[in-house]
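In case you want the letters, here they are:
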Amino acid sequence: QVQLVESGGGLVQPGGSLRLSCAASGSIFSVNDMGWYRQAPGKQREFVARIISGGRTDYEDSVKGRFTISRDNAKNTVYLQMNSLKPEDTAVYYCNAVVRTTAWAMINSWGQGTQVTVSS
């Protein structure tokens, strides 16, 4: 069993900032990729950003230059710093992690989601 717990969502005005956190716990041998996805009302879940264990990062085009993903491997935690937020960033943000639970077993785990609302 692996649990991902997100925090840091909320209501912010356009142009503002938020920092999301996601901590993985449970039966963890190692954590590979960690990332963030989001789902706006009436839309499909979409990729936002990811960071692999070696530190390489990928971003969805609309968030490049505004969002920064980082991780603390010692804490099995991933962060998403979101700056210059726009109303179109409003969504439920989900943490995702590819976790090796043993040397030969791997699972894809999701958090429960945290609401981010950008509105004046």
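In what follows, the structure referred to is the one given above.
Residues numbered from 1 in each chain as written. Predicted model: local features only at pLDDT ≥ 70, side-chain atom pairs only at ≥ 80, totals over all residues. Heavy atoms only, no water.

(A) Quick look at the overall build of the protein. What the protein contains, in helices and strands, is zero helices and 11 strands. Secondary structure elements of the protein, listed N to C terminal, follow the sequence β-β-β-β-β-β-β-β-β-β-β. Computed over the C-alpha atoms, the radius of gyration of the protein is 14 Å, within 12% of the 14 Å expected from 2.2 N^0.38 for a compact globule of 120 residues. Along the longest, intermediate and shortest principal axes, the C-alpha atoms of the protein span 50 × 25 × 20 Å. The buried share of the protein, reckoned over its 120 residues, is 37%. When the accessible surface of the protein is split by element, carbon and sulfur atoms take 47% of a total near 6300 Å². Side-chain charges of the protein comprise 12 positive and 9 negative groups, with the mean position of each set lying 3 Å from the other. (Helix = DSSP H or I, 4+ residues; strand = E, 2+ residues; numbered from the N terminus. Rg over C-alpha atoms; globule rule 2.2 N^0.38 Å. Buried < 20%, exposed > 50% of the residue type's maximum accessible area, 1.4 Å probe, protein only. Areas by Shrake-Rupley, 256 points an atom, 1.4 Å probe, with all protein chains shown as cover. Lys, Arg positive; Asp, Glu negative; His and termini not counted. Charge placed at Lys NZ, Arg CZ, Asp CG, Glu CD.)

(B) Here's a closer look at the nonpolar core. The biggest cluster of nonpolar side chains holds 28 residues, and the ones touching the most others in it are Trp36, Val48, Phe67, Val78, Leu80, Met82 and Tyr93. The element best represented in this core is strand β9 (residues 91-100), accounting for five residues. Not counting residues within four places of it along the chain, the set of residues in contact with Tyr93 comprises Glu6, Leu20, Trp36, Tyr37, Arg38, Val48, Phe67, Leu80, Met82, Gly113, Thr114 and Val116. (Core = buried A, V, L, I, M, F, W, Y, C linked by side-chain atoms within 4.5 Å. Contact = heavy atoms within 4.5 Å.)

(C) A look at the side chain of Arg38. The topology assignment puts Arg38 in strand β4 (residues 30-39). A polar side-chain atom of Arg38 sits 2.7 Å from a polar atom in the side chain of Glu46. A polar contact is formed between the side chain of Arg38 and the side chain of Ser62, at a distance of 3.4 Å. Those residues in contact with Arg38, other than ones at most four positions away along the chain, are Gln44, Arg45, Glu46, Val48, Glu60, Ser62, Val63, Phe67, Asp89, Ala91, Val92 and Tyr93. (Polar contact = N/O pair within 3.5 Å; in protein donor to acceptor, adjacent residues only side chain to side chain.)

(D) Summary view of the environment of Ile107. For Ile107, the location among the structural elements is in strand β10 (residues 106-110). Sequence separation of Ile107 and Gln1 is 106 residues, and the distance between their C-alpha atoms is 9.4 Å. Residues in contact with Ile107, not counting those within four places in the same chain, are Val2, Ala97, Val98, Val99 and Thr101.

(E) View of the sheet that holds strand β3 (residues 18-26). Taken together, the four strands give an open sheet; going across it, the order is β1-β3-β8-β7, and neighbouring strands pair in antiparallel fashion. A single partner strand is all that each edge strand has here, and the edge strands are β1 (2-7) and β7 (67-72). Within the sheet, the average angular offset between the axes of one strand and its neighbour, ignoring direction, is 15 degrees. The pairing of β3 with strand β8 (residues 77-82) spans six bridges and is classified as antiparallel. When the sheet's bridge partners are listed, Arg19 is paired in β8 with Gln81. (Pairing = 2+ DSSP bridges. Axes fitted to C-alpha atoms, helices over the stretch in contact; angles between N-to-C directions.)

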